[in-house]
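# Report on the structure
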Amino acid sequence: MIKKLRQQFADSVTDIGKKDKNLIVLVSDISHEILKPFAKACPGRYYNLGICEQAIVNMAAGLKKVGFYPVLHTIAPFLIERCYEQIKLDFGYQNLGVNLVSVGGTYDYSKLGCSHHCYSDFALMNQFSNCNIIVPGSALEFKILFKSIYKKNKINYFRLTENPHQVLIKSTDIRFGRGIKIKKGNSLTLVAVGSKLKEAIQAYNYFASKKKYIEVLYYHTLKPFDKDLLRSSVKKNKRLLVIEEFSKKGGFFSECLNATKDIKNVFYENIGIDSFVQDYGTYDQLNSRTGLDLDSLKKKIFKIIK
Amino acid sequence: MSVLNKDLRQRIVDIIINSKEGHIPSAFSVVDIINYLYEKKIKLPKKNNWNKRDYFFLSKGHGCAALYVVLNKFKILSDKDLNSYGNFGSKLGGHPDMTKIFGVEASTGSLGHGLPTAVGVALGLKIKNNNNKVYCLIGDGECHEGSIWEAANLASNLHLNNLICFLDWNKSAQKLLKIENLKKKWEAFGWKSSIADGHSEKSLDKCFIKNKETTDRPRIIICKNIKGKGVSFIEDNPVWHHKIPNNEEYKIIKKELTL
């Protein structure tokens with residue numbers, strides 16, 4: 001059974017909180033049940049502060065000032081988009097550290113509509129030079145990456161997916177700030193971000209059965225960006241496709257373009273979110289609407305490498 | 001009517017005229033409270049023991065010229081720093097930057113941020129069983145911001161009796177959007193509240209005696225202030241909110257502040 005990232009988040013803060021008396025968790029009316037072990041193990045360091053996200057973000061800055069490592073947890077649009085000014089001023093401008101842990105990125109809450117969707121978070125958080133952006137696609141990745149950076153005096157943004165990629169990655173390959181070459185190939189460099197590794201591997205298998213090999217690069221850490229891995233692959237393959245669950249406006253593809261713009265004769269393509277997704281339905285149904293599903297990915301790859 | 005701290009008001013005008021930037025009336029409205037706190041209430045240990053300090057948050061950051069002159073008075077800011085206010089390369093600008101100024105707790109300017117940050121500090125100090133106090137000064141216009149009321153609700157729910165807020169009730173916000181019965185409003189949010197004359201040490205002293213620390217509630221002192229207090233033609237005159245005096249006006253200001 002695949003472990004949910006949200007459960008891993010609860011387990012990680014509990015394990016770390018037992019040893020580190022300065023880890024403190026603030027939530028905005030979410031994940032109460034799974035955080036009960038943390039509340040029990042770390043008395044006085046768990047606060048469900050209701051539905052006032054802006055003030056909670058400010059409060060975290062205050063807690064940081066007196067020596068805590070604050071961890072804020074709620075739904076992505078309310079944590080990042082609603083509280084953007086608080087994040088900008090409290091942690092960007094004031095250069096204070098915080099751990100922001102969201103759920104419900106993109107349209108993980110697919111049936112709840114636009115108010116609960118969030119795909120601009122990468123573009124927004126990428127504005128801060130003191131920000132780490134982590135989009136783990138598996139519980140193991142979160143476990144390793146959270147532990148390795150939660151104390152860093154940075155804005156550590158962890159975006160937890162409800163749709164893990166289910167690809168087995170060795171723990172020794174999971175390192176903060178490093179991409180991973182999952183599959184070798186020479187017809188195309190396919191960059192998969194977070195949960196999209198699932199579709200990327202399925203697409204790889206499909207084309208491999210036809211003796212076409214695409215190179216799959218996986219990124220769980222988007223900032224800092226492991227440019228070297230991308231550049232060496234793009235130099236070799238001269239074709240780049242990025243699949244990400246972020247807005248195309250200022251998404252990770254923009255970073256990939258910037259990182260490789262000096263390499264000549266490269267064909268670029270990307271799959272991301274064009275505009276508001278005003279549909280209800282399952283996560284997979286919304287993927288088919290936005291083109292983030294396997295069929296759309298295969299068609300795109302076919303056009304590039306045919 | 002007597003005016004306290006004419007020397008500080010003079011310094012405020014001088015640095016603002018020199019840089020041609022600043023909010024004189026807002027600074028005049030709060031300077032007596034800030035001076036009172038640093039003179040009588042705020043514990044300021046030596047730098048090597050700085051975490052033992054009391055905290056002061058100027059949530060209404062546009063009144064920062066008042067904070068700068070008080071920090072200068074208490075030797076936290078040098079004359080050189082103060083005189084560089086607003087200049088390129090200076091630590092001091094029209095809103096305070098905590099990354100540049102030792103002694104400033106938050107980079108305020110956008111209203112509604114300082115109080116909730118002070119709530120976080122107050123909570124953190126209580127968790128760590130530290131007895132330091134947290135003071136925060138907000139404006140009545142700032143009370144238009146929803147985040148102020150989020151913070152008010154959080155502070156009382158968290159029983160932050162180490163938090164003392166001052167409200168600069170100069171009623172300038174009243175002209176834009178009525179926000180009345182502030183005492184009742186804060187009490188409804190679970191705070192212990194009282195009203196003082198924010199330009200009178202005696203009144204503030206009395207208020208501290210009357211509005212004693214509770215075991216479980218934050219306190220607010222709502223200060224009946226006058227925006228621009230100390231200079232007749234600036235007092236309660238909205239035109240002056242962000243205006244820089246010309247030479248003639250400066251002469252009159254100087255005269256009034258030296259009487």
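The next subject is the overall build of chain A. Of regular secondary structure, chain A possesses twelve helices and twelve strands. Against the 2.2 N^0.38 benchmark of 19 Å for 306 residues, chain A shows a C-alpha radius of gyration of 19 Å, consistent with a compact globule. Counting only C-alpha atoms and orienting by the principal axes, one finds that chain A spans roughly 60 × 40 × 35 Å. Sorting the 306 residues of chain A into buried and exposed places 52% on the buried side. Taking all contacts inside chain A whose residues are at least 6 apart in sequence as the whole, residues at least 24 apart take part in 77%.

For chain B, the helix and strand inventory stands at nine helices and five strands. The C-alpha radius of gyration of chain B comes to 17 Å, within 12% of the 18 Å expected for a compact globule of 259 residues. A principal-axis box enclosing the C-alpha atoms of chain B has dimensions of 50 × 45 × 30 Å. Counting the 259 residues in chain B, one finds 49% classified as buried. When contacts within chain B are restricted to residue pairs at least 6 apart in sequence, those whose partners lie at least 24 apart make up 74%.

Attention now moves to the interface of chain A and chain B. Across the boundary between the two partners, chain A contributes 22 residues, which contact 22 residues of chain B. Per element, the largest residue contribution to the side of chain A that touches chain B is nine residues, and it comes from helix α3 (residues 53-65) of chain A. Taken together, the residues that form the side of chain A that touches chain B break down as eleven nonpolar, seven polar and four charged.

A separate point is unusual backbone geometry. Residue and element names in this part refer to chain A. Here the bond from K223 into P224 is cis, since omega is 0°, no more than 30 degrees from zero. With respect to the secondary-structure elements, P224 resides in the loop between β10 (221-223) and α9 (227-237). In the Ramachandran plot, K238 falls in the positive-phi region, its phi being about 65° despite a non-glycine side chain. Tracing the sequence through the fold places K238 in the loop between α9 and β11 (239-247).

This part is about the domain arrangement of chain A. Residues and elements named next belong to chain A. The assigned domain composition of chain A is domain 1 (5-160) and domain 2 (171-305). Centre-to-centre separation of domain 1 and domain 2, based on C-alpha positions: 26 Å. With 27 residues of domain 1 at the interface, the matching set in domain 2 holds 28 residues. Among the elements of the structure, α6 (121-125), β5 (131-134) and α7 (139-149) are those that each provide at least two residues to the side of domain 1 that touches domain 2. Among the elements that make up the side of domain 1 that touches domain 2, the one with the highest residue count is α7 (six residues). A breakdown of the residues in the side of domain 1 that touches domain 2 according to their chemical character gives 14 nonpolar, ten polar and three charged.

On to the sheet that holds strand β5 (residues 219-224) of chain B, then. Residue and element names in this part refer to chain B. Strand order in this open sheet of five strands is β1-β2-β3-β5-β4, and the pairing throughout is parallel. Unpaired on one side and paired on the other, β1 (55-58) and β4 (192-196) mark the two borders of the sheet. Taken pair by pair, the neighbouring strands of this sheet meet at an average axis angle of 20°, ignoring direction. When strand β2 (residues 134-139) meets strand β3 (residues 163-169), the two strands line up parallel, connected through six bridges. Paired with L137 across the two strands is F166, which belongs to β3. Contacts from helix α2 (residues 24-41) reach β1, β2, β3 and β5, with the element oriented near 175° to β2.

Bringing the environment of F208(B) into the picture now. Residue and element names in this part refer to chain B. Within the element layout of this structure, F208 appears in helix α8 (residues 201-210). Judged by local crowding, F208 falls into the partly exposed class, with 18 C-beta atoms found within 10 Å. Distance in space between the C-alpha atoms of F208 and A196 is 9.5 Å, their sequence separation being twelve residues.

Working definition: the strands of a sheet are paired by backbone hydrogen bonds and lie parallel or antiparallel to each other. Residues and elements named next belong to chain A. With mixed pairing, the five strands of this open sheet are ordered in space as β7-β9-β8-β11-β12. Edge positions in the sheet fall to β7 (180-183) and β12 (267-273), since each has one partner strand and no second. Looking at each pair of strands side by side, their axes are set apart by 25° on average, direction ignored. In this structure, β11 lies alongside β12, joined through six bridges in parallel fashion. Residue S247 lies in a different strand from β12, and its bridge partner there is I273. Sitting on the sheet, α9 is in contact with β7, β8 (189-193), β9 (215-219) and β11, with an inclination near 160° to β9.

Residues and elements named next belong to chain B. Grouped together as the largest cluster of nonpolar side chains are 163 residues, with contacts concentrated most on I12, A66 and V119. Per-element accounting of this core gives the leading share, nine residues, to α2. Apart from residues lying up to four places away in sequence, A66 is in contact with I12, A27, V30, V31 and I34.

The next subject is the pairing of β2(B). Remark: a regular strand shows side chains that alternate across the two faces of the sheet. All names here are of chain B. Counting buried residues along β2, six of its six residues qualify, which places the element largely inside the surrounding structure. The alternating pattern of β2 places V134, C136 and I138 on one face and Y135, L137 and G139 on the opposite face, and all of these are buried. Relative to β2, β1 is paired through four bridges, and the arrangement is parallel. Considered in β2, the bridge of F56 is made with Y135. Taking the sense of rotation as the criterion, the β-α-β connection linking β2, helix α6 (residues 146-157) and β3 turns out right-handed.

Let us now look at the packing of α9(A) against helix α10 (residues 252-260) of chain A. Residues and elements named next belong to chain A. Orientation of α9 relative to α10, taken along the N-to-C sense of each, is 65°, at an axis distance of 10 Å. As far as their axial angle goes, α10 and α9 are roughly perpendicular. In the packing of α9 onto α10, the handedness of the crossing is right-handed. Each of K227, L230, R231 and V234 in α9 lies in contact with α10, whose residues at this interface are C256, A259 and T260. Here the contact of α9 with α10 is built from residues that sort into four nonpolar, one polar and two charged.

Let's shift gears to the packing of helix α5 (residues 114-127) of chain B against α6(B). All names here are of chain B. At a minimum axis separation of 8 Å, α5 and α6 run at an interaxial angle of 20°. In terms of orientation, α5 and α6 fall into the roughly parallel class. For the pair α5 and α6, the sense of crossing is left-handed. Together, L115, P116 and V119 of α5 and S147, I148, E150, A151, L154 and A155 of α6 make up the contact between the two elements. When its residues are assigned to classes, the contact of α5 with α6 shows seven nonpolar, one polar and one charged.

Calculation criteria
- Residues numbered from 1 in each chain as written.
- Chains lettered and ligands numbered in written order.
- Predicted model: local features only at pLDDT ≥ 70, side-chain atom pairs only at ≥ 80, totals over all residues.
- Helix = DSSP H or I, 4+ residues; strand = E, 2+ residues; numbered from the N terminus.
- Rg over C-alpha atoms; globule rule 2.2 N^0.38 Å.
- Buried ≥ 20, exposed ≤ 12 C-beta atoms within 10 Å, placed from the backbone.
- Contact = placed C-beta atoms within 7 Å.
- Nonpolar A, V, L, I, M, F, W, Y, C, P; charged D, E, K, R; others polar.
- Domains from an automatic or database assignment.
- Pairing = 2+ DSSP bridges.
- Axes fitted to C-alpha atoms, helices over the stretch in contact; angles between N-to-C directions.
- Core = buried A, V, L, I, M, F, W, Y, C linked by C-beta atoms within 7 Å.
- Right-handed = clockwise from strand over helix to strand, strands pointing away.
- Parallel < 35°, antiparallel > 145°, perpendicular 65-115°, else oblique.
- Left-handed = near helix turned anticlockwise from the far one by under 90°.

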